[in-house]
Amino acid sequence: AARFEGRLLRGSVAVATLIISIVYMVIQFVGAGLVAQLLFGIDYWVVVVFLGLITTLYTVLGGMIATTYIQMFKAGLLLVVVAVLVLVSISRTGWNPIGPLLRARDHFGDKVIVPQRKGGTTAALENVSLSLGLVLGFMGLPHVVLRFKTVRDGRAARDSTRIAMWIFAVFFLVLIILGYAALNEVGHGAILHANKAGNLAAPELARTVGGELLFAL
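Source: prediction; values computed, not measured.

Peer 1: What exactly am I supposed to notice about the packing of helix α3 (residues 99-108) against helix α6 (residues 154-185) here?
Peer 2: In a packed pair of helices, the relevant descriptors are the angle between the two axes and the axis-to-axis distance. Here α3 crosses α6 at 40 degrees, and the two axes come no closer than 8 Å. Considering the angle they form, α3 stands oblique to α6. With respect to the hand of their crossing, α3 and α6 are arranged in left-handed fashion. Within the contact between the two elements, α3 uses P100, L101, R103, A104, H107 and F108 and α6 uses I176, I177, Y180, A181, L183, N184 and E185. Residues of the contact of α3 with α6, tallied by class, amount to nine nonpolar, two polar and two charged.

So this is what it looks like as structure tokens:
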């Protein structure tokens, strides 16, 4: 925020960054806790506390350099695993990128690919919120916002942000393929059994199509 002129602008950027970072951090802790609980059988709260301490430790000791390299490692590993999952999933449907969607429609009917239309103001607001989140959400992720503060000049900031946004955009698009692939390969009941909210669909898909090694990664 110190790079911008004006107290109001600096304060707005700082507050927005804190709010988004806190929300995103909570989501990451929840996801990490669920995955660790599934992998190792450790109590959920123990995992969350441990991850919080580790994150605080490497951030305090290493600063933005440490967090940047850790983000690079995690992003690289995540992209490789997701790419493998996508390739394995579409290989089972004749290498058709939308094959998992078509197979899900054949097995479960059009209702699984057609958006549910519900009446009322709440449903309309949910649709608007979802659309805004998909279009603009990744532009406000801490991973993107923080890139403005870790580069040498404006050109590097634009290049870094542009690359990050493309990575997020492609990643969010392939999530659709993975979601329907999980429905086909794992099954609706097994997904809900692992987690009632369906948050462990991707790990369960990795175990089903790639075995324990891909599941662990």
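Peer 1: How should I be thinking about a nonpolar patch on the surface in this particular structure?
Peer 2: On the surface, L18, I22, M25, V26, V30, F40, I42, Y44, W45, V46, V49 and L53 cluster together into a nonpolar patch covering about 1,100 Å² of accessible area. For the nonpolar patch, the secondary structure elements donating two or more residues are α1 (7-40) and α2 (44-91). With six residues, α1 is the largest single contributor of residues to the nonpolar patch. Turning to its location among the elements, V49 is positioned in helix α2.

Peer 1: Even after reading the chapter, I still don't get empty space enclosed by the protein, so can you show me in this structure?
Peer 2: In this approach a probe as big as a water molecule rolls over the atoms, and the regions it shows empty are the leftover space. Applying the stated criterion across every chain, the model contains one cavity of 30 Å³ or more. Roughly 30 Å³ of internal volume is contained in the largest cavity. Forming the walls of the largest cavity are S89, T93, P100, R103, A181, N184 and E185. Listing elements by their share of the lining of the largest cavity, those giving two or more residues are α3 and α6. With three residues, the top contributor of residues to the lining of the largest cavity is α6. Taken together, the residues that form the lining of the largest cavity break down as two nonpolar, three polar and two charged.

Peer 1: It is not clear to me how the side chain of E204 should be interpreted in this structure. Could you clarify?
Peer 2: Mapped onto the secondary structure, E204 falls in helix α8 (residues 201-216). Setting aside residues no more than four positions away along its own chain, E204 makes contact with L38, V186 and A194.

Peer 1: Got a minute to help me understand the pattern of salt bridges in this structure?
Peer 2: Any two side chains of opposite charge can pair, on the condition that their charged atoms come close. For the structure shown, the criterion picks out four salt bridges. E185 serves as the salt-bridge partner of R92, at 3.0 Å between the closest nitrogen and oxygen. Of this pair, R92 sits in the loop between α2 and α3 while E185 sits in helix α6, placing them 93 residues apart in sequence. Exposure remark for R92: the relative accessible area of 36% places this residue in the partly exposed category. Take E185: its relative accessible area is 22%, and that puts it in the partly exposed class. Linked through salt bridges whose partners overlap, the residues forming this network are R92, R103 and E185.

Peer 1: In this structure, what is going on with unusual backbone geometry? I would like to understand it.
Peer 2: Across the chain, the bulk of peptide bonds are trans and the bulk of non-glycine residues have phi less than zero. Of note, W95 is a non-glycine position whose phi angle comes to about 60 degrees, a positive value. Residue classification places W95 among the exposed positions, given a relative accessible area of 57%.

Peer 1: Can you help me understand the confidence of the model for the protein chain in this one?
Peer 2: Close inspection of predicted coordinates is inappropriate for parts of the model with low pLDDT. Per-residue confidence for the protein chain gives a mean pLDDT of 80; residues scoring 70 or more make up 87%. Per-element averaging of pLDDT across the protein chain places helix α5 (residues 142-145) at the bottom with 63 and α3 at the top with 90.

Peer 1: Sorry, what's going on with α8 here?
Peer 2: Because each turn of an α-helix spans 3.6 residues, side chains separated by three or four positions in sequence point in the same direction. Under the 1.5 Å per step criterion, the end-to-end length of α8 is only 14 Å for 16 residues, more than 12% shorter than the ideal 22 Å. Of all bends in α8, the biggest is about 145 degrees, found at G210. On the buried face of α8, the contacting elements are α1, α2, α6 and α7 (188-194).

Peer 1: Would you take a moment to explain the packing of α6 against α8 for this structure?
Peer 2: Between α6 and α8, the least distance of the axes is 9 Å, while the angle of their chain directions is 60 degrees. One finds that α6 runs oblique with respect to α8. In the packing of α6 onto α8, the handedness of the crossing is left-handed. On the side of α6, the interface is formed by L178, A181, A182 and E185, while α8 contributes A201, L205, T208 and V209. Across the contact of α6 with α8, the residue classes tally to six nonpolar, one polar and one charged.

Cut-off values and rules
Residues numbered from 1 in each chain as written. Predicted model: local features only at pLDDT ≥ 70, side-chain atom pairs only at ≥ 80, totals over all residues. Heavy atoms only, no water. Axes fitted to C-alpha atoms, helices over the stretch in contact; angles between N-to-C directions. Helix = DSSP H or I, 4+ residues; strand = E, 2+ residues; numbered from the N terminus. Parallel < 35°, antiparallel > 145°, perpendicular 65-115°, else oblique. Left-handed = near helix turned anticlockwise from the far one by under 90°. Contact = heavy atoms within 4.5 Å. Nonpolar A, V, L, I, M, F, W, Y, C, P; charged D, E, K, R; others polar. Patch = residues over 30% accessible without salt bridge, like charges linked within 9 Å, V, L, I, M, F, W, Y side chains within 5 Å. Areas by Shrake-Rupley, 256 points an atom, 1.4 Å probe, with all protein chains shown as cover. Salt bridge = Lys/Arg side-chain N within 4 Å of Asp/Glu carboxyl O. 1 Å grid on protein atoms, 1.4 Å probe; cavity = no way out; pocket = protein on both sides within 12 Å on 5 of 7 lines; lining within 4 Å. Points joined across faces, edges and corners; volume = space filled by probe spheres on them. Buried < 20%, exposed > 50% of the residue type's maximum accessible area, 1.4 Å probe, protein only. pLDDT = per-residue confidence, 0-100. Expected span 1.5 Å × (residues − 1). Bend = angle between axes of the 7 residues up to and from the residue.

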